[in-house]
Amino acid sequence: MIEEKEVKKAISKYLNCNLLELNLLGSGANGEVYGCVIDKQPYKIALKITSYPEMLLKEVNTINFINDKVDIKLPKIYFYHLIDNEISLNIMGMSYLDGVGADKINWLFKSKKRKLFTNDVIDNFLNLQQITNDKYGVVGGEQFEIWIDWYRPFAKARLEYITPLAESGKFPKSVVEVLKKAYDNLDIILSDCGKPTLTHGDYWVPNLLVDKKTLKFVGCVDPFNLMWAESEYEIFTMILYPHLKLYKEYKKRVNVSKMVDLKTRMYSLFSEVYWFELLGKGNFGFMTWVAKKIKKQFKKHNL
């Protein structure tokens, strides 16, 4: 439970106003988001509070970088603060997007509005993919001429982390086996990669906000892992919540590669391992399910 007095300090220091109301909007793997009413314009803002200062700073820099390049309906940053002797919170203040995660909506019997939402989400994503680079890699980090030259070390590091855990019974061996096979076949799986495009890093349904009354797409939140990646990399986030048909709609709009389904499942599983490594916890049931999907793709492509 946060201490409201610390929030008041941050609001006073950075916005020179008073806190009138504070309500929890939701929580995720790396923090909680609050709606905050203040006594001056814009009168309502959103606050993110987290125990992970490095991840908060990374999110601030990511949002600012993307907003400088393209409008994909991200919030605007008003301020951020990392824990010190004055204010004991890692906190970020940003513009308030009046919506809820699309995973909170019952889309049953709303097919027309669902289609409009899906189209708007993909339109927004394709706006992001118009921002390109001549090389691959983390923004501000080392750049690579070839995508696999960035991805191979990333995948290797994840395997080196989980292999001893699997041997000691602390991680599913079936997941490690599938990822090792994928790693051994990276040259084949990543033989057809798209151009370097800017990523949001977590463009999945809970981070896609929808107006509860109109069911219109209002924006996206929580960007992560800002980088120049091959154009089919980030679409793995669209595979879940298949009733919204985001992944299917993207593939209708874009000329995808032959192994796109295998690539996206592989990207998804390595990403889950990465989050497990960062947070020290993960959904082993989901990882095992994805590993089974990848096995089917191995058979399809004779790997």
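Residues numbered from 1 in each chain as written. Predicted model: local features only at pLDDT ≥ 70, side-chain atom pairs only at ≥ 80, totals over all residues. Heavy atoms only, no water.

*Asks:* Please set out the pattern of salt bridges residue by residue, giving values where relevant.
*Replies:* In total, this model carries 15 salt bridges according to the counting rule given. Of the charged contacts in the structure, one is a salt bridge between Asp187 and Arg152, with a shortest N-O distance of 2.9 Å. Here Asp187, found in helix α6 (residues 186-189), pairs with Arg152, found in helix α4 (residues 147-167); they are 35 residues apart in sequence, far enough to count as distant. Here Arg158 ties to Glu277 by a salt bridge, and the two come within 2.7 Å at their closest N and O atoms. Note that Arg158 is positioned in helix α4 and Glu277 in helix α8 (residues 260-279), a separation of 119 residues in sequence. (Salt bridge = Lys/Arg side-chain N within 4 Å of Asp/Glu carboxyl O. Helix = DSSP H or I, 4+ residues; strand = E, 2+ residues; numbered from the N terminus.)

*Asks:* An account of the sheet that holds strand β9 (residues 208-210) is requested, with residue identities and associated values reported.
*Replies:* Pairing in this open sheet of three strands is antiparallel, and the strands run β6-β9-β10 from one edge to the other. Strands at the two margins of the open sheet, each flanked by one partner only, are β6 (100-101) and β10 (217-220). Sitting on the sheet, helix α3 (residues 111-129) touches β9 and β10, and the angle it makes with β10 is about 35 degrees. (Pairing = 2+ DSSP bridges. Contact = heavy atoms within 4.5 Å. Axes fitted to C-alpha atoms, helices over the stretch in contact; angles between N-to-C directions.)

*Asks:* Run through the side chain of His81, naming residues and quoting values.
*Replies:* For His81, the position within the fold is in strand β4 (residues 77-81). Within polar-contact distance, the side chain of His81 engages the backbone oxygen of Ile87 at 3.3 Å. Not counting the four nearest positions on each side in its chain, His81 is found in contact with Lys13, Tyr14, Leu56, Ile87, Leu89, Asn90 and Ile91. (Polar contact = N/O pair within 3.5 Å; in protein donor to acceptor, adjacent residues only side chain to side chain.)

*Asks:* Describe the environment of Met238, and please don't skip the residues or the numbers.
*Replies:* Tracing the sequence through the fold places Met238 in the loop between β11 (227-230) and α7 (246-253). On a C-alpha basis, the gap between Met238 and Ile146 in space is 24 Å, while along the polypeptide they are 92 residues apart. In contact with Met238, other than residues within four places in its own chain, are Ile122, Phe125, Tyr203, Leu246, Tyr247 and Tyr250.

*Asks:* Account for a positive patch on the surface, naming residues and giving values.
*Replies:* On the surface, Lys181, Lys292, Lys295, Lys296 and Lys299 cluster together into a patch of positive charge. It is helix α9 (residues 284-300) that contributes the most residues to the positive patch, four residues altogether. We classify Lys181 as partly exposed; its relative accessible area is 32%. (Patch = residues over 30% accessible without salt bridge, like charges linked within 9 Å, V, L, I, M, F, W, Y side chains within 5 Å. Areas by Shrake-Rupley, 256 points an atom, 1.4 Å probe, with all protein chains shown as cover. Lys, Arg positive; Asp, Glu negative; His and termini not counted. Charge placed at Lys NZ, Arg CZ, Asp CG, Glu CD. Buried < 20%, exposed > 50% of the residue type's maximum accessible area, 1.4 Å probe, protein only.)

*Asks:* Outline the packing of aromatic side chains, supporting the account with residue identities and numerical values.
*Replies:* Any pair of aromatic rings gets described here by the distance separating the centres and the angle formed by the planes. All told, the structure shown has 28 aromatic pairs when counted by the stated rule. Judged by centre distance (4.5 Å) and plane angle (35 degrees), the ring pair of Phe224 and Trp275 falls under tilted. Pair noted here: Phe224 is in the loop between β10 and β11 and Trp275 is in helix α8, with a separation of 51 residues, a long-range link. Accessibility assignment for this pair places Phe224 and Trp275 in one class, buried. Among the aromatic side chains, those forming a connected cluster through ring pairs are Tyr136, Trp147, Trp150, Tyr151, Phe154, Phe224, Tyr233, Phe236, Tyr267, Phe270, Tyr274 and Trp275. The cationic tip of Lys58 hangs over the ring face of Phe224; the distance from NZ or CZ to the ring centre is 4.6 Å. (Phe/Tyr/Trp six-rings, centres within 6.5 Å; stacked < 30°, edge-to-face > 60°. Lys NZ or Arg CZ within 6 Å of the ring centre and 35° of its normal.)

*Asks:* Outline the sheet that holds strand β5 (residues 90-95), supporting the account with residue identities and numerical values.
*Replies:* Strand order in the open sheet made by the five strands is β1-β2-β3-β5-β4, with antiparallel pairing throughout. Strands at the two margins of the open sheet, each flanked by one partner only, are β1 (19-28) and β4. Across the sheet, the axes of successive neighbouring strands diverge by a mean angle of 20 degrees, strand direction being ignored. Contacting β1, β2 (31-38), β3 (44-50), β4 and β5, helix α1 (residues 4-15) runs over the sheet at an angle of about 125 degrees to β4.

*Asks:* Explain the state of the cysteines to me, using residue names and the numbers behind them.
*Replies:* Per the counting criterion, the structure on display carries zero disulfides. Residue Cys17 stays outside any disulfide, its sulfur separated by 7.4 Å from that of Cys36, the closest cysteine. (Disulfide = S-S within 2.5 Å.)

*Asks:* Would you mind going over the nonpolar core in detail, with residue names and values included?
*Replies:* Of all hydrophobic cores here, the largest spans 75 residues; its most connected members are Trp147 and Tyr151. Of the residues forming this core, the biggest block, 11 residues, is contributed by α8. In this view, Trp147 contacts Tyr136, Leu190, Cys193, Met227, Trp228, Ala229, Glu230, Tyr233 and Tyr267; residues no more than four positions away in its chain are not counted. Listed in part, the 18 residues of the second largest apolar core include Ile2, Val7, Leu15 and Cys36. (Core = buried A, V, L, I, M, F, W, Y, C linked by side-chain atoms within 4.5 Å.)

*Asks:* Outline the packing of α8 against α9, supporting the account with residue identities and numerical values.
*Replies:* The contact between α8 and α9 brings their axes to 9 Å, and the two run at 155 degrees. As far as their axial angle goes, α9 and α8 are roughly antiparallel. Crossing hand, α8 versus α9: left-handed. Residues Asp261, Leu262, Arg265, Met266, Ser268, Leu269, Glu272, Val273 and Phe276 of α8 form the contact with α9, whose own contacting residues are Phe284, Phe286, Met287, Trp289, Val290, Ala291, Lys293, Ile294, Gln297, Phe298 and Lys300. Partitioned by chemical class, the residues of the contact of α8 with α9 number 13 nonpolar, two polar and five charged. (Parallel < 35°, antiparallel > 145°, perpendicular 65-115°, else oblique. Left-handed = near helix turned anticlockwise from the far one by under 90°. Nonpolar A, V, L, I, M, F, W, Y, C, P; charged D, E, K, R; others polar.)

*Asks:* Any chance you could break down the environment of Thr264 for me, citing the residues and the numbers?
*Replies:* Locating Thr264 in the fold gives a position in helix α8. On a C-alpha basis, the gap between Thr264 and Glu232 in space is 7.3 Å, while along the polypeptide they are 32 residues apart. Filtering out sequence-adjacent residues up to four positions away, Thr264 remains in contact with Glu232, Ile235, Phe236, Ile239 and Tyr247.

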